[in-house]
Amino acid sequence: MKKGNNSVGVARQYCGTVGKVENGQVAVFAGLSTENSYALIDAALFLPQEWTTDLARCKKAGIPKEFQGYKSKPELAIDIIKRQQKNGIRFDYIAADGLYGNSPDLLNNIDAMGLLFVVDVHSDQRVYLTAPIIRIPEPKGIKGRKPTVPKIIDEVKAVEVRDLITNIPKEQWEKVTLRKGTKEVLLCSVYVKKIYTWEVGTPEAKERLLIIRKSNTSNGAVIKYALSNAREGKYTNQELAQMQAQRYFIERTFQDAKQQAGMSQYQVRGWLAWHHHIALVMLALEFILKEKILFKNEFPLLTANDIREVFINVYAVKGATIDEVMKQMKHRHKQRKNEMQRHNE
């Protein structure tokens, strides 16, 4: 969170880290993950309209002219996807949270790029179970303007995805494996159905797959909803559920970035300084990932905190020798491994 109004992009706005409106900065990030490997690769600072309509304020913060125009968060996400494609970055599909899943413009742009998406949507997302008939209505008389906006002309009604849960037969839920967790194999129940979405005023509905994932936790059942442009039958229900669940590791990326790489610990105000700080954080995360890969056989439980402890004690404060640090780390790993084994007995 940021006090005052001089830090670039700061404003009273919804901040996902605290789940409410606060005075702070918001950015759109992109990351790559595969299995349990993950890192951030791109970022775009969001500028609220109170900034983009105040050119003097933008100039004072050092914002380049080409970035002073207003862009929504989904528009920034489109820019990032295009930039990473241009950079030659390869990825199998795009995942995102409900803010982006509820942006038809973003999803249509991903479609136009020929890319696959599996994106979360909010529980009140409205969908059609059958394809609605859409066309420009016939004029009702000879007077007045002729209709020009396409509308749904049949009796098909949209439903909220959360209302579908109670009508799904028990036998249509498929139990699948998501991944191997730190203590056990994570299972869930998944339901996949072809549905249609329609944005008011557009000439046609979009065929999508609705993915509903239900997991049992100590706090009760957790239900996730997602949309995908995958062709029906191309992927198994388990594959679709695993794609949606892979976002867990992006959340782990932010956890490591904030707790171990100092993402939220900075005192900068200007555009360039903010981007320098975030670039250093991303480089630190990439280094951590490389160390995990390099030592995956010797230390399969190596964490970002372990690597940070080595640097603090050996290279920064000289608090302990490398042998002492490694001894402590091996002890932590042994305890963690024993706990995992006890949990699986």
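What you are looking at is a predicted structure, and each value in this text was computed from that prediction instead of being measured.

What follows is about the packing of aromatic side chains. Remark: the centre distance and the inter-plane angle together describe each pair of aromatic rings, the angle taken between the planes. The tally for this structure, following the rule as stated, stands at eight aromatic pairs. Look at F295 and F299: their rings are 6.4 Å apart centre to centre, the planes differ by 50°, and that puts the pair in the tilted class. Positioned above the aromatic ring of F46, the side-chain terminus of K73 is 4.0 Å from the ring centre. It is R179 that lies over the ring of Y248; its NZ or CZ is 4.2 Å from the centre.

Another aspect to go through is a nonpolar patch on the surface. Residues L32, I41 and I89 make up a contiguous nonpolar surface patch of roughly 190 Å² in combined accessible area. Relative to the elements of secondary structure, I89 occurs in the loop between helix 3 (73–86) and strand 5 (94–96). Take I89: its relative accessible area is 31%, and that puts it in the partly exposed class.

Okay, the side chain of R208 next. Examined against the element boundaries, R208 turns out to sit in strand 13 (residues 206–217). Within the structure, R208 has its side chain in polar contact with the side chain of D111 (distance 2.7 Å). Ignoring any residue separated from it by four or fewer positions in sequence, one finds R208 in contact with L107, N108, D111, F117, K193, K194, I195, T197, L227, S228 and N229.

Turning our eyes to something else, we now look at the environment of V222. Relative to the helices and strands, V222 is located in strand 14 (residues 220–228). The sequence separation of V222 and C188 amounts to 34 residues, and the corresponding C-alpha distance is 9.7 Å. Leaving out residues up to four positions away in the same chain, V222 has contacts with R213, K214, S215 and T217.

A few words on helix 5 (residues 104–112). Those residues of helix 5 lying buried are L106, L107 and I110. The buried side chains of helix 5 occupy one side of the element, clustering within an arc of 95° when seen end-on. Packing partners of the buried residues in helix 5 comprise helix 3, strand 5, helix 4 (98–101), strand 6 (117–120) and strand 13. Of the residues one or two after helix 5, G114 is the one with positive phi, at around 75°.

Definitions and cut-offs
Residues numbered from 1 in each chain as written. Predicted model: local features only at pLDDT ≥ 70, side-chain atom pairs only at ≥ 80, totals over all residues. Heavy atoms only, no water. Phe/Tyr/Trp six-rings, centres within 6.5 Å; stacked < 30°, edge-to-face > 60°. Lys NZ or Arg CZ within 6 Å of the ring centre and 35° of its normal. Patch = residues over 30% accessible without salt bridge, like charges linked within 9 Å, V, L, I, M, F, W, Y side chains within 5 Å. Areas by Shrake-Rupley, 256 points an atom, 1.4 Å probe, with all protein chains shown as cover. Salt bridge = Lys/Arg side-chain N within 4 Å of Asp/Glu carboxyl O. Helix = DSSP H or I, 4+ residues; strand = E, 2+ residues; numbered from the N terminus. Buried < 20%, exposed > 50% of the residue type's maximum accessible area, 1.4 Å probe, protein only. Polar contact = N/O pair within 3.5 Å; in protein donor to acceptor, adjacent residues only side chain to side chain. Contact = heavy atoms within 4.5 Å. Arc of directions from axis to C-beta.

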